[in-house]
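So the chains spell out like this:
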Amino acid sequence: MRTQEEIFQAKIDAEIKIEPKDWMPEKYRKTLIRQISQHAHSEIVGMLPEGNWLTRAPNLRRKVALLAKVQDEAGHGLYLYSAAETLGAERDQLTRDLLSGKAKYSSIFNYPTLTWADIGAIGWLVDGAAIMNQVMLCRTSYGPYARAMVRICKEESFHQRQGYEIMLTLANGTPEQKEMAQDALNRWWWPSLMMFGPSDKESTNTAQSVKWKIKRKTNDELRQQFVDISVEQAEFLDLKIPDPQLKWNKKTNHYDFGPIDWDEFWSVVKGNGPCNKQRLKDRNKAYDEGTWVREAAMAYAEKQDAKKEKAA
Ligand code: FAQ
């Protein structure tokens, strides 16, 4: 007789999606809650660096596009929190963990947006890296997560294009504008590579997550794919990727690239990046200031329920 674990793994191997009411190993459930909630938190905190430029966008068209993008990120966070709830997670608890600094979110959002070109670089590189990772998640083994990712990826691809278009405009602008685009690329390149997580040798979760098809590719595989695509995009912009070791390797058919500063990565993950404290402070402020909205919404919902009960 096969064990429940064996039946579960056979379903995964046969590409049958796991749905909320299906039996699943406790560790599979916990891994998904961890990853999906970290992902949701990243979308929510990720609104802050770009939100910083909403009032300073250079024209109305740029402002409308950026507003739409930042709003999309909020929506992504909400789909993802809902997906985590299907696994039994409590949304309030997830929010508390983010606000207290206990929960992780992507390292990338702890870097500052110093100039308008940073908005271009985020769209191009950060959304570009996010898509690279999220396209594989459209085929992740847990049904609600996979379905949420399909819509998220469509929106992310608009985000990536709006960012690249900003970079293209700046790169073809005045020498000062081109320099601004280059400076943004210099500052965002390495943190974007770090977004994919530690190297496969150091990654604690990848092997099991790949076996369960939560992840379809490893951190290093995705990072390499991202480098290969980005080099050509940078060439088209006539900008230089800040890596003297970047070189096409005929044998592997990939670009070789220089070493990543993992000390910097872990320092940011542990809360010591340039903006970690500011990000948590801003999220806490937004949460506190939104208390009356949540209370009003709950009071309205209770009133509606009471009306329905009376009518029944
Ligand atoms: N930052 O064993 P692994 C976006 C942690 S969304 C912070 O390799 P795993 C959209 C990891 O949690 C961007 N921590 O872990 C947007 C683990 O710690 P734990 C977010 C990181 O889970 C754009 C430990 O290191 N995307 O950008 C990071 O198998 C623009 C060991 O790592 C997702 O979340 C990091 N970069 O692989 C929004 C996608 N990397 O939990 C606004 C879904 C690793 O054991 C504006 N997530 N860690 O204590 C994933 O695919 C995976 O979770 C990885 C990490 C690939 C991020």
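Residues numbered from 1 in each chain as written. Predicted model: local features only at pLDDT ≥ 70, side-chain atom pairs only at ≥ 80, totals over all residues. Heavy atoms only, no water.

Chemist: How should the overall build of the chain be read in this particular structure?
Modeler: If you tally the helices and strands in the chain, you get 13 helices and two strands. Here the C-alpha radius of gyration of the chain, 21 Å, is about what a compact globule of 312 residues would show, namely 20 Å. If one aligns the C-alpha atoms of the chain with their principal axes, the spans along those axes are about 70 × 55 × 30 Å. When burial is assessed residue by residue, the chain has 48% of its 312 residues classed as buried. In the chain, the share of contacts with a sequence separation of at least 24, taken over all contacts with a separation of at least 6, comes to 77%. With the model as given, the accessible surface of the chain reaches about 16800 Å², and the carbon-plus-sulfur share is 56%. Of the charged side chains in the chain, 46 are positive and 43 negative, and the gap between their average positions amounts to 3 Å. (Helix = DSSP H or I, 4+ residues; strand = E, 2+ residues; numbered from the N terminus. Rg over C-alpha atoms; globule rule 2.2 N^0.38 Å. Buried < 20%, exposed > 50% of the residue type's maximum accessible area, 1.4 Å probe, protein only. Contact = heavy atoms within 4.5 Å. Areas by Shrake-Rupley, 256 points an atom, 1.4 Å probe, with all protein chains shown as cover. Lys, Arg positive; Asp, Glu negative; His and termini not counted. Charge placed at Lys NZ, Arg CZ, Asp CG, Glu CD.)

Chemist: I'm lost on the site of the ligand in this one. Help?
Modeler: Near the ligand lie 37 residues; those nearest to it are Q38, K104, S107, K215 and N219. One of the backbone N or O atoms of S107 is found 2.8 Å from a nitrogen atom in the ligand. About the coverage of the ligand: the protein hides 92% of its 1100 Å² of free accessible area. For the shell around the ligand, the secondary-structure elements that each account for two or more residues are α2 (26-45), α4 (60-85), α6 (117-137), α7 (143-171) and α11 (262-272). Of the residues contributing to the shell around the ligand, the split by class is 13 nonpolar, 15 polar and nine charged. (Near = heavy atom within 4 Å. Polar contact = N/O pair within 3.5 Å; in protein donor to acceptor, adjacent residues only side chain to side chain. Nonpolar A, V, L, I, M, F, W, Y, C, P; charged D, E, K, R; others polar.)

Chemist: Explain helix α13 (residues 291-311) here, please?
Modeler: Three or four residues apart is the spacing at which side chains of an α-helix point the same way, because the helix has 3.6 residues per turn. With 21 residues, α13 should reach 30 Å at 1.5 Å per residue; the first-to-last C-alpha distance of 30 Å fits that figure. In terms of burial, α13 is largely open, as just zero of its 21 residues are buried. (Expected span 1.5 Å × (residues − 1).)

Chemist: How do you make sense of the pattern of salt bridges when you look at a structure like this?
Modeler: The full count for this structure, using the stated rule, is 18 salt bridges. E155 is the partner of R151 in a salt bridge, and the nearest nitrogen-oxygen pair spans 3.6 Å. Of this pair, R151 and E155 both sit in helix α7, four residues apart, which is roughly one turn of the helix. Assessed through its relative accessible area of 48%, R151 is described here as partly exposed. Residues R187 and D183 are paired through a salt bridge, measuring 3.0 Å at the closest nitrogen-oxygen approach. Of this pair, R187 and D183 are both found in helix α8 (residues 175-194), four residues apart, which corresponds to roughly one turn of the helix. (Salt bridge = Lys/Arg side-chain N within 4 Å of Asp/Glu carboxyl O.)

Chemist: Please clarify how the environment of K17 should be interpreted in this entry.
Modeler: Residue placement: K17 occurs in the loop between α1 (4-13) and α2. Owing to a relative accessible area of 29%, K17 belongs among the partly exposed residues under this scheme. As a C-alpha pair, K17 and A146 span 129 residues in sequence and 8.9 Å in three-dimensional space.

Chemist: What exactly am I supposed to notice about unusual backbone geometry here?
Modeler: Trans peptide bonds make up most of the peptide bonds, and negative phi angles are found at most residues other than glycine. We note that D238 has phi near 60°; this positive angle belongs to a residue other than glycine. Looking at where D238 falls in the secondary structure, it is placed in the loop between α10 (219-237) and β1 (247-249). Exposure remark for D238: the relative accessible area of 54% places this residue in the exposed category. Phi is positive for N253, which is not a glycine, with a value near 60°. Tracing the backbone through its elements, the reader meets N253 in the loop between β1 and β2 (254-256).

Chemist: Looking at this model, I keep getting lost on the packing of α7 against α10. Mind explaining?
Modeler: Each pair of packed helices gets described by two things: the angle between the helix axes and the distance between those axes. As a packed pair, α7 and α10 sit with axes 9 Å apart at the nearest point and diverge in direction by 35°. Residue-level contacts link Q160, Y164, M167, L168 and A171 of α7 to Q233, F236 and L237 of α10. Residue composition of the contact of α7 with α10, by class: six nonpolar, two polar and no charged. (Axes fitted to C-alpha atoms, helices over the stretch in contact; angles between N-to-C directions.)

Chemist: I tried to follow the packing of α4 against helix α5 (residues 91-100) on my own but got confused; where do I start?
Modeler: For the pair α4 and α5, the least separation of the axes is 10 Å and the interaxial angle reads 120°. The orientation of α4 with respect to α5, classified from their angle, is oblique. Contact residues: α4 offers L78, Y81, S82, A84 and E85, while α5 offers R91, L94 and L98. Residues belonging to the contact of α4 with α5 are distributed by class as follows: five nonpolar, one polar and two charged. (Parallel < 35°, antiparallel > 145°, perpendicular 65-115°, else oblique.)

Chemist: For this particular structure, what's the right way to read the environment of I260?
Modeler: The residue I260 is located in the loop between β2 and α11 in this model. Take I260: its relative accessible area is 12%, and that puts it in the buried class. Between the C-alpha atoms of I260 and L193, which are 67 residues apart in sequence, the distance is 7.8 Å. For I260, the residues in contact, after removing those within four places along its chain, are W190, L193, M194 and R223.

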